[in-house]
Amino acid sequence: MAKNEKKIIKQAWQETKNLKEGEVFLLKDLFKGYKWNRIKTETRSSLGRLFLEKVQNKKSVEAIEKTSSHQQQYRKLG
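Here's what I pulled together on the structure shown here. (Residues numbered from 1 in each chain as written. Predicted model: local features only at pLDDT ≥ 70, side-chain atom pairs only at ≥ 80, totals over all residues. Heavy atoms only, no water.)

Overview of the overall build of the chain
Convention followed: In this text, helices come from DSSP runs of H or I with a minimum length of four residues, and strands from runs of E with a minimum of two, each type numbered from the N-terminal end. Here the globule rule reads 2.2 Å times residues to the power 0.38, and the radius of gyration is calculated from C-alpha atoms. Relative accessible area decides the class of each residue, using a 1.4 Å probe on protein chains only: under 20% of the type maximum gives buried, over 50% gives exposed, and in between gives partly exposed. Here the open area of atoms and residues is found with the Shrake-Rupley method and a 1.4 Å probe, where only the protein chains shown may cover a residue. The convention is simple: Lys and Arg are positive, Asp and Glu are negative, and His and the chain ends are not counted. We put the charge of a Lys on NZ, of an Arg on CZ, of an Asp on CG and of a Glu on CD.
The number of helices and strands found in the chain is 3 helices and 3 strands. In terms of C-alpha radius of gyration, the chain reaches 12 Å, essentially the compact-globule figure of 12 Å for 78 residues. The principal-axis extents of the C-alpha atoms in the chain amount to approximately 30 × 25 × 20 Å. Buried residues in the chain amount to 32% of all 78 residues. When the accessible area of the chain is evaluated, it comes to approximately 5600 Å², of which 45% is carbon and sulfur surface. Taking the average place of the 19 positive charges on the side chains of the chain and the average place of its 9 negative ones, the gap between the two points comes to 8 Å.

Right under this line is the structure:
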(Lines give C-alpha, C1' and ligand atoms only; values in the text may rest on other atoms or scores of the structure.)
Protein backbone atom coordinates (compact mmCIF):
# COMPACT_ATOMS: atom_id res chain seq x y z
CA MET A 1 0.00 0.00 0.00
CA ALA A 2 1.39 3.38 -0.97
CA LYS A 3 2.02 5.87 1.82
CA ASN A 4 -0.49 8.28 0.30
CA GLU A 5 -3.20 5.60 0.08
CA LYS A 6 -2.61 4.63 3.70
CA LYS A 7 -3.05 8.26 4.72
CA ILE A 8 -6.28 8.61 2.71
CA ILE A 9 -7.75 5.42 4.22
CA LYS A 10 -6.87 6.64 7.71
CA GLN A 11 -8.65 9.95 7.04
CA ALA A 12 -11.71 8.14 5.69
CA TRP A 13 -11.83 5.86 8.72
CA GLN A 14 -11.67 8.86 11.06
CA GLU A 15 -14.64 10.33 9.20
CA THR A 16 -16.77 7.24 9.95
CA LYS A 17 -16.73 8.32 13.60
CA ASN A 18 -18.94 11.28 12.64
CA LEU A 19 -21.69 9.00 11.29
CA LYS A 20 -24.73 7.97 13.28
CA GLU A 21 -25.62 4.35 13.93
CA GLY A 22 -27.46 2.82 10.98
CA GLU A 23 -26.33 5.39 8.42
CA VAL A 24 -25.54 3.91 5.00
CA PHE A 25 -22.70 5.44 3.02
CA LEU A 26 -20.23 5.02 0.18
CA LEU A 27 -16.50 5.52 0.57
CA LYS A 28 -16.68 8.71 -1.50
CA ASP A 29 -19.24 10.14 0.96
CA LEU A 30 -16.45 10.37 3.54
CA PHE A 31 -14.69 13.05 1.47
CA LYS A 32 -15.63 16.53 0.36
CA GLY A 33 -16.68 16.22 -3.27
CA TYR A 34 -13.74 18.09 -4.71
CA LYS A 35 -11.24 16.03 -2.69
CA TRP A 36 -12.67 12.73 -3.95
CA ASN A 37 -12.78 14.03 -7.52
CA ARG A 38 -9.10 14.98 -7.39
CA ILE A 39 -8.08 11.38 -6.68
CA LYS A 40 -7.16 9.46 -9.83
CA THR A 41 -9.74 6.87 -10.90
CA GLU A 42 -7.33 3.94 -10.57
CA THR A 43 -6.36 5.13 -7.08
CA ARG A 44 -10.04 5.30 -6.10
CA SER A 45 -10.47 1.63 -7.05
CA SER A 46 -7.47 0.71 -4.95
CA LEU A 47 -8.81 2.75 -2.03
CA GLY A 48 -12.14 0.93 -2.32
CA ARG A 49 -10.45 -2.44 -1.95
CA LEU A 50 -8.31 -1.23 0.95
CA PHE A 51 -11.29 0.26 2.78
CA LEU A 52 -13.30 -2.94 2.33
CA GLU A 53 -10.40 -4.94 3.80
CA LYS A 54 -10.27 -2.57 6.78
CA VAL A 55 -14.03 -2.88 7.34
CA GLN A 56 -13.79 -6.67 7.41
CA ASN A 57 -11.47 -6.38 10.43
CA LYS A 58 -13.60 -3.88 12.35
CA LYS A 59 -16.86 -4.03 14.26
CA SER A 60 -18.05 -0.44 13.87
CA VAL A 61 -18.81 -0.57 10.12
CA GLU A 62 -20.18 -3.37 7.94
CA ALA A 63 -20.17 -3.87 4.20
CA ILE A 64 -23.66 -4.30 2.76
CA GLU A 65 -24.98 -4.70 -0.80
CA LYS A 66 -23.51 -2.83 -3.74
CA THR A 67 -25.38 -0.08 -5.58
CA SER A 68 -26.71 -0.55 -9.12
CA SER A 69 -23.50 1.13 -10.30
CA HIS A 70 -21.45 -1.51 -8.41
CA GLN A 71 -20.25 0.76 -5.63
CA GLN A 72 -19.82 -0.93 -2.25
CA GLN A 73 -22.17 0.40 0.42
CA TYR A 74 -21.41 0.40 4.11
CA ARG A 75 -23.47 0.77 7.27
CA LYS A 76 -22.30 2.34 10.52
CA LEU A 77 -22.86 0.02 13.47
CA GLY A 78 -23.25 0.87 17.15
